[in-house]
Amino acid sequence: MSDLQIGLIALGVLLILLVLGFNWWQDRRARNRMQAHFPASDQDPLLGANEGRPAGAESQRREPGMNVPGSAPAQSAAPGSDTDDTEEADPVCEIVIEVNFGEPARGADLLPYMQGLRQVGRKPMRVFAETEAGRHRDRVHAGESYASLQLAVLLANRSGPLTAIEWSQAWARAQDLAERFEATIEGPDQQVVLERAAKLDDMCAALDTQVGLTLLLGASRPAADVVGVARELGFAPDGPRLAWLADNGVARFTLSRGDGAAFDAGMSPVERLLLLLDVPCSPADPRAFGRMVDVGRDLAARLQAELVDDQGKLLVDGAEAVIDERLQVLFGQLDQAGLPAGSPRAQRVFA
């Protein structure tokens, strides 16, 4: 074997070793970055925010916040800002897949893929990002470059717990993103995810309560007339429905057509109206049901309608006080479960 052949073989071996070393270094850097954001902990987020937290956790990561009624809304930093966005993945009701880029990925290149990361099955997804400068973002901006993305998948909502198929879809989309941008992905084992989803779903099912009233119009009324009267009373548009809003803009209760159609859908007249108090999604209120009854009676008088309960029976004077007492117990249970009524977290899982 000539010296040239020996030299080429040695050079080839050296190049292979360099590639292996570079890949090891990249993998180690990605793991270190992942551990910085999600430190190991024995804590079960469903059992409390502080139990089992390791010492020093405060300095290792930002604790995900949760807006509750009356708190300041989450703020997004301007693109390129050296401050962090406040909205983060919620460890109580979301599970995170981490996508770590080998080289910073431009936001302009990532944006076309964001549409496919909004939902899997019946579970919404949220995308968070870390810029190459280490700043946290609650959305991807065209003018920034990112070191990693966090795909937060909702564990449960009123469609049920996150399923194996939905989790597989989320993982497949993360893998597709990783292949396109030469990234690595990390996330929990599927069985762990499904067990957490089932646990959250069971807890929410035990707390899920809605209370309704029905207005029976004596004669059909044009939808425009009904909307006009409702808006005079203080209702505001809320998609296909109308909503009676709290001071912070969260719906206390809603008004919808009995036939399920939107108020602006065609010219069909209205014969029946439904008032609905969605307890977990409505701000806690000592007169939650009584307030809806008061508004319902006023609306019934103006529309010459009859107000009945969800069994079709006329309301008994004083019944609202009894129901409100029961609802206070439920509001307390929602608080204890870490799902304050009307909070973004509650609205997420009771959607």
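Residues numbered from 1 in each chain as written. Predicted model: local features only at pLDDT ≥ 70, side-chain atom pairs only at ≥ 80, totals over all residues. Heavy atoms only, no water.

Asks: Residues and numbers for helix H7 (residues 288-303), please.
Replies: Compared with an ideal rise of 1.5 Å per residue, which puts 16 residues at 22 Å, H7 spans 23 Å between its outermost C-alpha atoms and is within 8% of the ideal. Regarding H7, the residues found buried are Ala288, Phe289, Gly290, Met292, Val293, Val295, Gly296, Leu299, Ala300 and Leu303. Gln304 sits one or two positions beyond H7 and adopts a positive phi of about 55°. (Helix = DSSP H or I, 4+ residues; strand = E, 2+ residues; numbered from the N terminus. Expected span 1.5 Å × (residues − 1). Buried < 20%, exposed > 50% of the residue type's maximum accessible area, 1.4 Å probe, protein only.)

Asks: Tell me about the pairing of strand E1 (residues 94-106), and name the residues and values.
Replies: Note on strand geometry: in a regular strand, side chains alternate between the two faces of the sheet. With ten of 13 residues buried, E1 lies mostly within the body of the structure. Two elements, E1 and strand E5 (residues 145-154), share nine bridges in a ladder whose sense is antiparallel. By the bridge assignment for E5, Arg106 is matched with Ser145. Strand direction decides the pairing type here: E1 and strand E8 (residues 183-186), joined by four bridges, are antiparallel. Residue pairing in the sheet places Phe101 in a bridge with Ala183 of E8. (Pairing = 2+ DSSP bridges.)

Asks: For the packing of aromatic side chains, give the residues involved together with the corresponding values.
Replies: For the structure shown, the criterion picks out six aromatic pairs. Here the aromatic rings of Tyr113 and Phe181 are separated by 5.5 Å at their centres, their planes lie at 85°, and the arrangement is edge-to-face. Linking Tyr113 in the loop between helix H3 (107-110) and strand E2 (119-120) with Phe181 in helix H4 (residues 164-181), this pair joins segments that are 68 residues apart in sequence. Exposure remark for Tyr113: the relative accessible area of 28% places this residue in the partly exposed category. Three or more aromatic residues joined by ring pairs form one cluster here, namely Phe101, Tyr113 and Phe181. (Phe/Tyr/Trp six-rings, centres within 6.5 Å; stacked < 30°, edge-to-face > 60°.)

Asks: Report on the sheet that holds strand E9 (residues 210-221), specifying residues and quantitative values.
Replies: Spatially, E10-E11-E12-E13-E9-E14 is the arrangement adopted by the six strands of the open sheet, whose pairing is antiparallel. A single partner strand is all that each edge strand has here, and the edge strands are strand E10 (236-238) and strand E14 (305-309). Recorded for the sheet is a direction-independent mean angle of 30° between the axes of neighbouring strands. Here strand E11 (residues 241-245) pairs with strand E12 (residues 251-257) via four bridges, running antiparallel. Its bridge partner lying in E12, Leu245 is registered against Ala251. Strands in contact with H7 are E9, E11, E12, strand E13 (270-278) and E14; relative to E9, the strand with the most contacts, it is inclined by about 0°. (Axes fitted to C-alpha atoms, helices over the stretch in contact; angles between N-to-C directions. Contact = heavy atoms within 4.5 Å.)

Asks: Lay out helix H8 (residues 319-336) in plain terms, naming residues and giving numbers.
Replies: The α-helix advances 3.6 residues per turn, and as a result positions three or four apart in sequence lie on the same side. For H8, with 18 residues, the first-to-last C-alpha span of 27 Å sits near the 26 Å given by 1.5 Å per residue. When H8 is considered as a whole, its buried residues turn out to be Glu320, Asp324, Leu327, Leu330, Phe331 and Leu334. Looking straight down H8, one finds its buried side chains confined to an arc of 120°; they lie on one side. Along H8, exposed side chains directed more than 90 degrees from the buried face belong to Glu325, Arg326, Val329 and Gln336. Contacts made by the buried residues of H8 are with helix H5 (190-207), E9, E13 and H7. At the C-terminal side of H8, Gly338 shows a positive phi close to 80°. (Arc of directions from axis to C-beta.)

Asks: Kindly report on the nonpolar core, identifying the contributing residues and their values.
Replies: Soluble globular proteins tend to bury their nonpolar side chains together. By size, the foremost hydrophobic cluster in this structure holds 77 residues, and its most contacted members are Leu110, Leu149 and Phe235. With eight residues, H7 is the single largest residue contributor to this core. Setting aside anything within four residues of it in sequence, one finds Leu110 in contact with Phe101, Ala105, Val140, Tyr146, Leu149, Leu177 and Phe181. (Core = buried A, V, L, I, M, F, W, Y, C linked by side-chain atoms within 4.5 Å.)

Asks: Describe the pattern of salt bridges, listing the residues and the values that go with them.
Replies: Enumeration according to the criterion identifies 22 salt bridges in this entry. One salt bridge in this structure joins Asp294 and Arg287, with 3.0 Å as the shortest N-O distance. Taking relative accessible area as the criterion, Asp294 reaches 36% and is therefore assigned partly exposed. Ionic contacts of the salt-bridge type, sharing partners, join the residues Glu87, Asp90, Glu94, Arg126, Arg345 and Arg348 into one network. (Salt bridge = Lys/Arg side-chain N within 4 Å of Asp/Glu carboxyl O.)

Asks: Go over the environment of Asp84, please, and point to the residues and values.
Replies: Following the sequence through the fold, Asp84 ends up in the loop between helix H2 (57-60) and E1. Between the C-alpha atom of Asp84 and that of Thr131, which follows or precedes it by 47 residues, the distance is 9.9 Å. Reaching out from Asp84, the side chain makes a polar contact with the backbone nitrogen of His136 at a distance of 2.7 Å. (Polar contact = N/O pair within 3.5 Å; in protein donor to acceptor, adjacent residues only side chain to side chain.)

Asks: Go over the packing of H4 against H5, please, and point to the residues and values.
Replies: How two helices sit against one another is set out by the angle between their axes and by the gap between those axes. Running from amino to carboxyl end, H4 crosses H5 at an angle of 130°, the nearest separation of the two axes being 10 Å. Viewed along their axes, H4 and H5 adopt a mutual orientation that is oblique. Handedness of the H4/H5 crossing: right-handed. Residues Ala164, Trp167 and Ser168 of H4 lie in contact with H5, whose contacting residues are Gln190, Val193 and Leu194. (Parallel < 35°, antiparallel > 145°, perpendicular 65-115°, else oblique. Left-handed = near helix turned anticlockwise from the far one by under 90°.)

Asks: Mind laying out the packing of helix H6 (residues 223-233) against H7, listing which residues take part and the relevant values?
Replies: Across the interface, H6 lies against H7 with an axial gap of 10 Å and an inter-helix angle of 140°. One element, H6, and the other, H7, form an angle in the oblique class. With respect to the hand of their crossing, H6 and H7 are arranged in right-handed fashion. Counted together, Val226, Val229, Ala230, Glu232 and Leu233 of H6 and Val295, Asp298, Leu299, Arg302 and Leu303 of H7 form the full contact between these two elements.

Asks: Outline the environment of Phe101, supporting the account with residue identities and numerical values.
Replies: Its location among the elements puts Phe101 in strand E1. For Phe101, a relative accessible area of 2% gives the class buried. For the pair Phe101 and Glu182, spaced 81 residues apart in the sequence, the C-alpha separation amounts to 6.3 Å.

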